[in-house]
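Reading the structure
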There are 2 protein chains.
Amino acid sequence: MKDVASAAGVALKTVSRVVNGEPGVHPATAERVREAIDRLGYSRNESARVLRAGRTSTVGLVIEDLADPFYSVLGRAVEDVVIGEGCLLLSASSSEDPARERELVRTFCARRVDGLIMVPAGHDHSYLRQELEAGTPAVFADRPPGPGLDVDTVLCDNAGGAVLATRHLLAHGHRRIAFLGDDPSIFTAARRLHGYRSAMGHLYDERLVAMRTPTPGSVRADLERMLSLDRPPTALFTGNGRLTVTALRALEGRPMALTGFDDFELADLLTPGVTVVAQDPAGMGRIAAELLFRRLSGEDAPPRHVTLPVRLVPRGSGELPP
Amino acid sequence: MKDVASAAGVALKTVSRVVNGEPGVHPATAERVREAIDRLGYSRNESARVLRAGRTSTVGLVIEDLADPFYSVLGRAVEDVVIGEGCLLLSASSSEDPARERELVRTFCARRVDGLIMVPAGHDHSYLRQELEAGTPAVFADRPPGPGLDVDTVLCDNAGGAVLATRHLLAHGHRRIAFLGDDPSIFTAARRLHGYRSAMGHLYDERLVAMRTPTPGSVRADLERMLSLDRPPTALFTGNGRLTVTALRALEGRPMALTGFDDFELADLLTPGVTVVAQDPAGMGRIAAELLFRRLSGEDAPPRHVTLPVRLVPRGSGELPP
DNA sequence: GGTGAGGCGGACAACGTTGTCACCCGGGAT
DNA sequence: ATCCCGGGTGACAACGTTGTCCGCCTCACC
């Protein structure tokens, strides 16, 4: 900018004025400055501007895994809102590791992001309080913050969706319905178990439930165990998209009624089509980002808690008879 | 930092030294400073540091669509390298719009990203020359830069993969093999068409080729047209993952030998399994990022052009007889 | 006890931008 | 003629950090 100023024969401040479209510059002077800018290929140093202004026009996104279809769709929706607000998006994957998450948040805050959007791992987010008090708002998506912290949160109706899926299988005549879920320390997994359990009522049988971090091997073992019971399950409810796919592979074509939580691409092309409880990751990302920008524009209401509806998509696998 | 200094009763610079682990500070002083830092919840303002240092430790990623499985996997791989180098990743989707891409690059450069990784849209990247000369290296992934610009580039073996796929179908007895590709102005689409054509040799028949931005409707129409020919195709080669899926839907279960470019999740679970030519998006992202960091660490060699191999994954659909 | 070295701490400038305020100058009102 | 006004312009400080350089204090050694 200094160079531009001397090239145009004006003061630094005049260049600044032209760059920022501020009034009070003679059109001829402005033209001279613009010409010098083009000639020198100058572009404003955003770092310095940020230092002065205090706002970075940057939002940090911490998700579990950018490569996961669910989160990448969520991330894209966040990105669209963020770009639309003239900001940029810093994204990072926590890999479901609370320590890494914390480190990423720390890094983002040191970079003075204007706000954070998080799909949290772990249950202790007290370290965020300091940042919140320092004026960096955060919005949680998909999972709520740990106890003792209350901020804007967007969830889907996990329990309701699980009830929906379970009742759907019950309505098609199943009484022995197995549930494969993720580690119950994950909020969504616990809520979905809760919905399944309440829908099952007196039919609930803990031998038909397996909750742990899924691997192909663990899913296969769990299924084998259940299928060798005296009264084996005739239907399966899987607690998230990855589990649904893993279970389908483990079943190796053995017919079994199946309803999964989370929609996934190609669910309609499998034989039979896979019945799912679909949520809306793009909507979740968009709403989370919108909530964040409301905070950034000064809204000072109590934390909002948005619950997005889910819907059952029957495609065949959930309508198989026992 | 000023506050920390006065709280600890030392000078600004001493706090800076402690924060940066520089030598020449008495352990007791350092401890006092650290205590004050904890007490005040201070964290270094990265913007100011950046302003001083000139490096932002930030990398910009411009891809077509963060939500696309191919690109999100690529993005995740880039992210891992970037984080591993102590930097952060700014990501943005161009939506295949050259103007938006250019705007994003401009924004990234104004923010003084240390480097750029791009999956380019459009064919004119001359606007990058200025940034390159200003010392912001760029690496292209999946597609090369437009004419007149030569930078580090990571591609997959598009033509070779198309040859592989076509020969595979030929080897299984097919002579009428259709090709559905994306708009030929897209580099990868053109290369794959080229591979297909050269593998077909005298069997090539332009009536069996459709190249345009795919929509469910256009794919359906193209297939209908080809299937109503006197000598309809007995096999289909689809030019990218999205096309493969769209074509599978349009076929509605009609049996047809099929080989697709790009692997996709669940390809193995369909009936029959979908034979594909698989590339390695994670490897592409990782290598692109590594090339970038080599430039950033001062490497001044001529631009490198890496071509990643592809491999044929037979799963059933490509082995169907005519 | 004087002196030099080395360890430690501090003052100051600079990074590139913008907000504040003051200046200059011409023209119209008094 | 004096004053004032306001459009156009510029000088300067400040944002928070770090590199440079300088000075002080202590300790060991002569």
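Residues numbered from 1 in each chain as written. Chains lettered and ligands numbered in written order. Predicted model: local features only at pLDDT ≥ 70, side-chain atom pairs only at ≥ 80, totals over all residues. Heavy atoms only, no water.

Re the overall build of chain A
Rules: Numbered from the N terminus, helices here are DSSP runs of H or I no shorter than four residues, and strands are runs of E no shorter than two. We compute the radius of gyration over the C-alpha atoms and compare it with the globule rule, which gives 2.2 Å times the number of residues raised to the power 0.38. Three exposure classes are used, based on accessible area relative to the maximum for each residue type with a 1.4 Å probe and protein chains only: buried under 20%, partly exposed in between, and exposed over 50%. The criterion used for residue contact is that any of the two residues' heavy atoms lie within 4.5 Å. Shrake-Rupley sampling with a 1.4 Å probe provides the accessible areas, and residues are treated as covered by the protein chains on show and by no other component.
Scanning chain A for helices and strands turns up 12 helices and 12 strands. Whereas a compact globule of 322 residues would reach a radius of gyration of roughly 20 Å, chain A reaches 26 Å, over 25% beyond that. Referenced to the eigenvectors of the C-alpha coordinate spread, the extents of chain A come out at roughly 90 × 40 × 30 Å. Expressed as a percentage of the 322 residues in chain A, the buried residues total 54%. For chain A, the proportion of contacts with a sequence separation of at least 24, taken over those separated by at least 6, is 63%. Carbon and sulfur atoms make up 52% of the accessible area of chain A, which amounts to about 13,900 Å² in all.

Describing the relation of the copies chain B and chain A
The following threshold applies: The copies were overlaid with a least-squares fit restricted to C-alpha atoms from residues scoring a pLDDT of at least 70 in each copy.
Turning chain B through 180° and shifting it by 0.1 Å along the axis lays it on chain A, with an RMSD of 0.2 Å. Both chain copies can therefore be described as sitting about a two-fold axis. Residue L90(B), judged by its C-alpha, is the member of chain B lying nearest the rotation axis, at 2.3 Å. Interface residue correspondence from chain B to chain A reaches 100%, placing this contact among same-surface, isologous pairings.

A short note on the environment of A121(A)
Residue and element names in this part refer to chain A. Positionally, A121 belongs in the loop between β3 (115-118) and α7 (127-133). By relative accessible area, A121 is classed as buried at 2%. Placed 27 residues apart in sequence, A121 and G148 show a C-alpha to C-alpha distance of 16 Å. The residues contacting A121, other than those within four sequence positions of it, are S94, E96, D97, P98, E101 and R143.

Description of the layout of surface pockets
The gaps left among the atoms become clear once a water-sized probe is rolled over them. Here is the rule: A 1.4 Å probe that fits into a set of points on a 1 Å grid over the protein atoms alone but cannot get out defines a cavity; an open set with protein on both sides within 12 Å along at least five of seven lines defines a pocket, and lining residues are those with an atom within 4 Å of a point. Grid points are joined across faces, edges and corners, and a volume is the space filled by probe spheres set on the points. Each residue is assigned to one class: nonpolar for Ala, Val, Leu, Ile, Met, Phe, Trp, Tyr, Cys and Pro, charged for Asp, Glu, Lys and Arg, and polar for all the others, Gly among them.
Taken as a whole, the second largest pocket holds about 1,200 Å³ of empty space. Every residue lining the second largest pocket is counted, 44 residues in all, and those nearest its centre are S43(A), R106(B), C109(B), A110(B) and R112(B). Here the element with the most residues in the lining of the second largest pocket is helix α6 (residues 98-110) of chain B; it accounts for 9 residues. Classifying every residue of the lining of the second largest pocket by side-chain character gives 18 nonpolar, 11 polar and 15 charged.

Focus on the protein's contact with DNA strand C
Threshold: Any residue with a non-hydrogen atom lying within 4 Å of a molecule or strand is treated as near it. Polar contact criterion, stated in full: a pair of N or O atoms within 3.5 Å, where within protein one must be able to donate a hydrogen and the other to accept it, and residues adjacent in sequence count only if both atoms are side-chain atoms.
Taken together, 24 residues are adjacent to DNA strand C, and M1(A), Y42(A), A11(B), T29(B) and R52(B) come closest. Within 4 Å of the protein, the atoms of DNA strand C are drawn from sugar and phosphate moieties in a proportion of 61%. In the model, a phosphate oxygen of DNA strand C is placed 2.9 Å from a nitrogen or oxygen of the S16(A) side chain. When residues of the surface near DNA strand C are traced back to their parent elements, those giving at least two are α2 (12-19) and α4 (46-53) of chain A together with α2 (12-19) and α4 (46-53) of chain B. Looking at the surface near DNA strand C residue by residue, the classes come out as 9 nonpolar, 7 polar and 8 charged.

Side note on the domain arrangement of chain A
Basically, it comes down to this: The source of the domain bounds is an automatic or database domain assignment.
Taken domain by domain, chain A consists of domain 1 (2-44), domain 2 (56-156 + 281-308) and domain 3 (158-280 + 312-319). A C-alpha centroid distance of 38 Å is found between domain 1 of chain A and domain 2 of chain A.

Section: the packing of helix α10 (residues 216-227) of chain A against helix α11 (residues 241-251) of chain A
Residues and elements named next belong to chain A. What counts, and what does not: Lines fitted to the C-alpha atoms define the axes, with helices restricted to the stretch that makes contact. Angles between their N-to-C directions range from 0 to 180 degrees. The labels follow the angle: roughly parallel below 35 degrees, roughly antiparallel above 145, roughly perpendicular from 65 to 115, and oblique for the rest. Left-handed describes a crossing in which the near helix is turned anticlockwise from the far one by less than a right angle; the clockwise case is right-handed.
The interhelical angle for the contact between α10 and α11, taken along N-to-C directions, is 60°, at an axis separation of 9 Å. When the interaxial angle is binned, α10 and α11 end up oblique. The way α10 lies across α11 gives a crossing that is right-handed. Contact residues: α10 offers P216, V219, R220 and L223, while α11 offers L243, T246, A247, A250 and L251. Considered class by class, the residues forming the contact of α10 with α11 number 7 nonpolar, 1 polar and 1 charged.

Considering the pairing of strand β8 (residues 235-238) of chain A
Residues and elements named next belong to chain A. Applied cut-off: Pairing between strands requires that DSSP locate at least two bridges from one strand to the other. Call a crossover right-handed when, viewed with both strands pointing away from you, the route from the first strand across the helix to the second goes clockwise.
Across the two faces of β8 the burial is the same, with A235 and F237 and L236 and T238 all buried. Across 4 bridges, strand β6 (residues 177-181) lies against β8 in parallel orientation. Counterpart to L180 in the pairing with β8 is T238. The pairing of β8 with strand β9 (residues 257-261) spans 4 bridges and is parallel. Residue pairing across strands places F237 opposite T259, the latter belonging to β9. In this fold, the crossover linking β8 to β9 by way of α11 has right-handed handedness.

As for the pattern of salt bridges
All names here are of chain A. Inclusion rule: What counts as a salt bridge is simple: a side-chain nitrogen of Lys or Arg found within 4 Å of a carboxyl oxygen of Asp or Glu.
Applying the stated criterion across every chain yields a total of 50 salt bridges over all chains. Close ionic contact of E103 with R106 constitutes a salt bridge, the shortest N to O distance being 3.5 Å. Placement of the pair is E103 and R106 together in helix α6 (residues 98-110), with a separation of 3 residues, close to one helical turn. Look at E103 and you get partly exposed, because its relative accessible area is 42%. The salt bridge partner of R295 is D152, with a shortest N-O separation of 2.8 Å. Here R295 is found in helix α12 (residues 281-296), whereas its partner D152 is found in strand β5 (residues 152-156), with 143 residues between them in sequence. Relative accessible area serves as the criterion here: at 17%, R295 is assigned to the buried category. Residue class for D152 comes out buried when judged on its relative accessible area of 2%.

Describing the environment of S126(A)
Residues and elements named next belong to chain A. Mapping S126 onto the fold places it in the loop between β3 and α7. A residue is classified by how much of its surface remains accessible, and S126, at 39% relative accessible area, is partly exposed. When the C-alpha positions of S126 and E64 are compared, they lie 19 Å apart, and in sequence the two are 62 residues distant. Within the structure, the side chain of S126 is placed 2.7 Å from the side chain of D124, a separation counted as a polar contact.

Quick word on the protein's contact with DNA strand D
By nearness alone, 24 residues border DNA strand D, and R17(A), T29(A), R52(A), M1(B) and Y42(B) come closest of all. Atoms of DNA strand D within 4 Å of the protein: sugar and phosphate make up 56%, bases the balance. One of the backbone N or O atoms of A11(A) is found 2.8 Å from a phosphate oxygen in DNA strand D. The side chain of K13(B) places a nitrogen or oxygen atom 2.7 Å from a base nitrogen of DNA strand D. Of the residues belonging to the surface near DNA strand D, the class tally is 9 nonpolar, 7 polar and 8 charged.

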